[in-house]
Amino acid sequence: MTLSRRQANGNARLRIWLRRGHRWLGVVLVLFVLLLGVSGIALNHASDWGLDRRHLDWPWLLDAYGIQAPAPTASFADGDLRATLIGERLFLDDQEIAEGVTGLAGIATLDPLVLVATKDALYVLTTAGELVESMDAAVGMSGSIDRVGRHGRRAVVESGGKFYRSDPDMTQFERWDADQQGGLQWSAATPPAAAELAVLQTLYRGRGLTVERVLADVHSGRIFASTGTLIMDAVAVFMIVLSLSGFVLWLQHSRREAELERRNGRRR
Amino acid sequence: MWRLLLAILLLAPGAAFAGPGGEAGRYIETDEYISSAFPGGSPAPRTLWVSGELRDAVERVLGHRFAALRVRYWHEGARSVWILDEIGKELPITIGVTVADGAIDNVRVLEFRESRGWEVRYPFFTDQFVDARLEDDGHLDRRIDGITGATLSVAAVTRIARVALLLDDTIKTTG
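The model shown is predicted, which means the values in this text are computed figures rather than measured ones. (Residues numbered from 1 in each chain as written. Chains lettered and ligands numbered in written order. Predicted model: local features only at pLDDT ≥ 70, side-chain atom pairs only at ≥ 80, totals over all residues. Heavy atoms only, no water.)

Some words on the overall build of chain A
In terms of helices and strands, chain A carries 5 helices and 13 strands. In chain A, which comprises 268 residues, the proportion classed as buried is 37%. In chain A, of all internal contacts separated by at least 6 residues, the share reaching a separation of at least 24 is 52%. (Helix = DSSP H or I, 4+ residues; strand = E, 2+ residues; numbered from the N terminus. Buried < 20%, exposed > 50% of the residue type's maximum accessible area, 1.4 Å probe, protein only. Contact = heavy atoms within 4.5 Å.)

Listed below in structure tokens is the structure:
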């Protein structure tokens, strides 16, 4: 066999392998290309589509991410209503009413209104949990709020060693003399029942994971920890090989076409 | 010498991005802001119930449900002060707006809780609102220039400025 013949056979074999490899890589990569394309577009528009504000609350996914709710920092009950602070998130029964809260001072129920006091703010709500108004404790009080209570149909707040009593609609809080404290009931911290706590912790966990974060982890492969990253690295390498093999095949095909055209031209 | 140059090169970008006290936090206490709006002494707070047509108008400006049923304000003569919360991206920004004779006298960011967008606290941004009034279509009578990287915070402060003007107009017309 001459050298050129051997070379031609070798080239043909390489072409066959390239073509096979290119085909199989293409088939294997279809799903990944779709996944990367769709997740990439979604990530580019995450803010516009609200994916950074939408949360996933699937328990198995939250477990996989290791997202756990901390134990309640404080919990106060008055009548049928309970205010609980978990982490920095404040709940009235199973409704979230504020976040970024650093301390809970108590609750006073004056049906149809309820006052939930944190160290820095007063939240007036309906007993159905609808926010009527939030007030900064720094306005008209002596600093941060220490405790909250009830005196008849009025809410009472202790701040900086001074007492402030509300009107029945809780629109105003005015200084109140300490010697008028007969019949005053201070709100006392009590732990929530196990069932109530489970509901709150589920709610807490449900806000811990955004769609954007899951998409970013799917896109990078981190959703399956280091194995996923390695898989996506392999996919990236396969995509490079696919593009290069495609280019080589195209180049060989073009050369063959040109050769054929040249030969046909000579014959004529 | 080369060590000094190296130190400058390494530290300069960090210093440029950090800026003096540029991070999120409480910038001014609410009562301090109210006092500054009424140098002769702060009036007692009043409350305005946000219901019916007013609620519809406020929610049209905000583009979402207005969480509270009533808002607290301070009013004396032709001046009113409003302390309102609006979410920029995820957490509320507490904004103080002083309205005088139907135009904005002053806008201050009292507290910013998120990690990005706090540039809206600076006067170069808030001064754009001074003298702004509401047009018939509920928009401001001027264009507010944005800040790169703080788009959502800029939009939140602008919405609150419009809401404060709307509420001020309501207390004037309803007495």
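Anyway, onward from the coordinates.
Looking at the overall build of chain B
From N to C terminus, chain B includes 5 helices and 6 strands. Along its sequence from the N terminus, chain B presents helices and strands in the succession α-β-α-β-α-β-β-β-β-α-α. Per-residue burial over chain B gives 46% buried out of 175 residues. If you take every contact in chain B between residues at least 6 apart in sequence, the share linking residues at least 24 apart comes to 58%.

Overview of the nonpolar core
Of all hydrophobic cores here, the largest spans 59 residues; its most connected members are A:L90, A:V116, A:Y123, B:V58, B:W82, B:F129 and B:L167. When residues of this core are assigned to their parent elements, the largest contribution, 11 residues, is made by helix α5 (residues 151-174) of chain B. Those residues in contact with B:V58 that lie beyond four places of it in its chain are B:V50, B:F66, B:V163, B:L166 and B:L167. By size, the runner-up hydrophobic cluster in this structure holds 20 residues, among which are A:A108, A:V132, A:A137 and A:V157. (Core = buried A, V, L, I, M, F, W, Y, C linked by side-chain atoms within 4.5 Å.)

Focus: the environment of A:A128
Residue placement: A:A128 occurs in the loop between β7 (121-126) and β8 (131-136). C-alpha of A:A128 to C-alpha of A:P112: the two residues are 16 residues apart in sequence and 8.3 Å apart in space.

Structural notes on the pairing of strand β9 (residues 145-151) of chain A
Residues and elements named next belong to chain A. Judged from the 6 bridges that link them, β9 and strand β10 (residues 154-159) form a sheet pairing that is antiparallel. Bridging across to β10, I145 finds its partner in S159. As consecutive antiparallel partners, β9 and β10 are separated by 2 residues, and within that stretch G152 has a phi angle of approximately 60°, a positive value. Bridge count between β9 and strand β13 (residues 184-186): 3 bridges; the pairing is antiparallel. (Pairing = 2+ DSSP bridges.)

Remarks on the pattern of salt bridges
Inspection of every chain in the model, using the stated rule, returns 21 salt bridges over all chains. A:D78 is paired through a salt bridge with A:R150; the nearest N and O atoms lie 2.8 Å apart. Of this pair, A:D78 sits in strand β1 (residues 72-78) while A:R150 is found in strand β9, placing the two residues 72 residues apart along the sequence. Of the charged contacts, one joins A:E133 and B:R72 as a salt bridge, the two residues approaching to 2.4 Å between their closest N and O atoms. A residue pair is termed interchain when its members come from two chains, as with A:E133 in strand β8 and B:R72 in strand β3 (residues 70-76). Both residues of the pair, A:E133 and B:R72, count as buried. (Salt bridge = Lys/Arg side-chain N within 4 Å of Asp/Glu carboxyl O.)

Looking at a positive patch on the surface
Residue and element names in this part refer to chain A. On the surface, R19, R20, R23 and R256 cluster together into a positively charged patch. A per-element tally of the positive patch places helix α1 (residues 3-44) first, with 3 residues. Within the secondary structure layout, R20 lies in helix α1. R20 sits in the partly exposed class, given a relative accessible area of 43%. (Patch = residues over 30% accessible without salt bridge, like charges linked within 9 Å, V, L, I, M, F, W, Y side chains within 5 Å. Areas by Shrake-Rupley, 256 points an atom, 1.4 Å probe, with all protein chains shown as cover. Lys, Arg positive; Asp, Glu negative; His and termini not counted. Charge placed at Lys NZ, Arg CZ, Asp CG, Glu CD.)

A look at the sheet that holds β8(A)
Residue and element names in this part refer to chain A. Strand order in the open sheet formed by 4 strands is β5-β6-β7-β8, with antiparallel pairing between adjacent strands. The outermost strands of the open sheet, each flanked by one partner alone, are β5 (104-110) and β8. When the angles between neighbouring strand axes are averaged without regard to direction, this sheet yields 15°. As paired elements, strand β6 (residues 113-118) and β7 share 5 bridges and run antiparallel to each other. Within β7, the position partnered with A117 by the bridge is L122. (Axes fitted to C-alpha atoms, helices over the stretch in contact; angles between N-to-C directions.)

Description of the interface of chain B and chain A
At the junction of the two partners, chain B supplies 18 residues and chain A supplies 18 residues. Carbon and sulfur atoms supply 47% of the area buried between chain B and chain A, which totals about 1600 Å² over both sides. On the chain B side of the contact with chain A, B:L69, B:R70 and B:R72 bury the most area, a combined 35% of that side's loss. The tally of links from chain B across to chain A stands at 5 salt bridges. Here B:R65 and A:E130 are joined by a salt bridge, their closest N and O atoms 3.5 Å apart. Linking chain B with chain A are 12 residue pairs in polar contact (both at pLDDT 80 or more). Looking at the side of chain B that touches chain A, the elements with two or more residues in it are α2 (30-37), β2 (46-49) and β3 of chain B. Considering only residue class, the side of chain B that touches chain A consists of 8 nonpolar, 2 polar and 8 charged. (Buried area = accessible area lost by both parts, 1.4 Å probe. Polar contact = N/O pair within 3.5 Å; in protein donor to acceptor, adjacent residues only side chain to side chain. Nonpolar A, V, L, I, M, F, W, Y, C, P; charged D, E, K, R; others polar.)

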